[in-house]
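Observations on the model geometry
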Amino acid sequence: MNKLSILFASLFAFSMSVNAHMAGENTPKLPTVNGGTEAQKEAVRQGAKEFCEEKEDDEREECVMDFYANHNLEEEPSCD
């Protein structure tokens, strides 16, 4: 039983890392070591803006926060 739970936990963790991108987008993730260059960060900001533009205010803010988190951008989300 213990081995089975470890297997499922491992599969879950693997699926989370493989499917980090949100469905329908293809913006590359930022590196976790140095946080990426300013151009890479701007690409994530622009990707979030384009990906979340059709959502309503509250949903857009949550979408942008999720997008930033999924792409390793550690800053306050902006929906502008």
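Calculation notes
- Residues numbered from 1 in each chain as written.
- Predicted model: local features only at pLDDT ≥ 70, side-chain atom pairs only at ≥ 80, totals over all residues.
- Heavy atoms only, no water.
- Core = buried A, V, L, I, M, F, W, Y, C linked by side-chain atoms within 4.5 Å.
- Buried < 20%, exposed > 50% of the residue type's maximum accessible area, 1.4 Å probe, protein only.
- Helix = DSSP H or I, 4+ residues; strand = E, 2+ residues; numbered from the N terminus.
- Contact = heavy atoms within 4.5 Å.
- Salt bridge = Lys/Arg side-chain N within 4 Å of Asp/Glu carboxyl O.
- Phe/Tyr/Trp six-rings, centres within 6.5 Å; stacked < 30°, edge-to-face > 60°.

In this section: the nonpolar core. Counting residues in hydrophobic clusters, the biggest one holds nine residues: Leu30, Val44, Ala48, Cys52, Cys63, Val64, Phe67, Tyr68 and Leu73. Among the elements of the structure, helix H2 (38-52) and helix H3 (57-70) are those that each provide at least two residues to this core. The contact partners of valine 44, leaving out residues within four places of it in the chain, are Thr27, Pro28, Leu30, Phe67, Tyr68, His71 and Leu73.

Below, the discussion takes up the pattern of salt bridges. Inspection of every chain in the model, using the stated rule, returns four salt bridges. Put simply, glutamate 42 and arginine 45 hold a salt bridge, and the shortest N to O gap is 3.1 Å. Of this pair, glutamate 42 and arginine 45 both sit in helix H2, separated by three residues, roughly a single helical turn. The shortest N-O distance in the salt bridge between arginine 60 and aspartate 57 comes to 3.6 Å. Of this pair, arginine 60 and aspartate 57 both sit in helix H3, three residues apart, which is roughly one turn of that helix. The exposure class of aspartate 57 is exposed, given its relative accessible area of 55%. Shared partners join several salt bridges into a network, and the residues in it are Glu38, Glu42, Arg45 and Glu75.

Although it is not a glycine, asparagine 72 sits at a positive phi angle of roughly 65°. Inspection of the secondary structure assignment puts asparagine 72 in the segment after H3.

A full pass over the atoms with the stated rule returns one aromatic pair. Relative to phenylalanine 67, the ring of phenylalanine 51 has its centre 5.8 Å away and its plane inclined at 35°; by these criteria the two rings are tilted. Residue phenylalanine 51 is found in helix H2, and its partner phenylalanine 67 is found in helix H3; the two are separated by 16 residues along the sequence. Classification of phenylalanine 67 by relative accessible area gives buried; the value is 0%.

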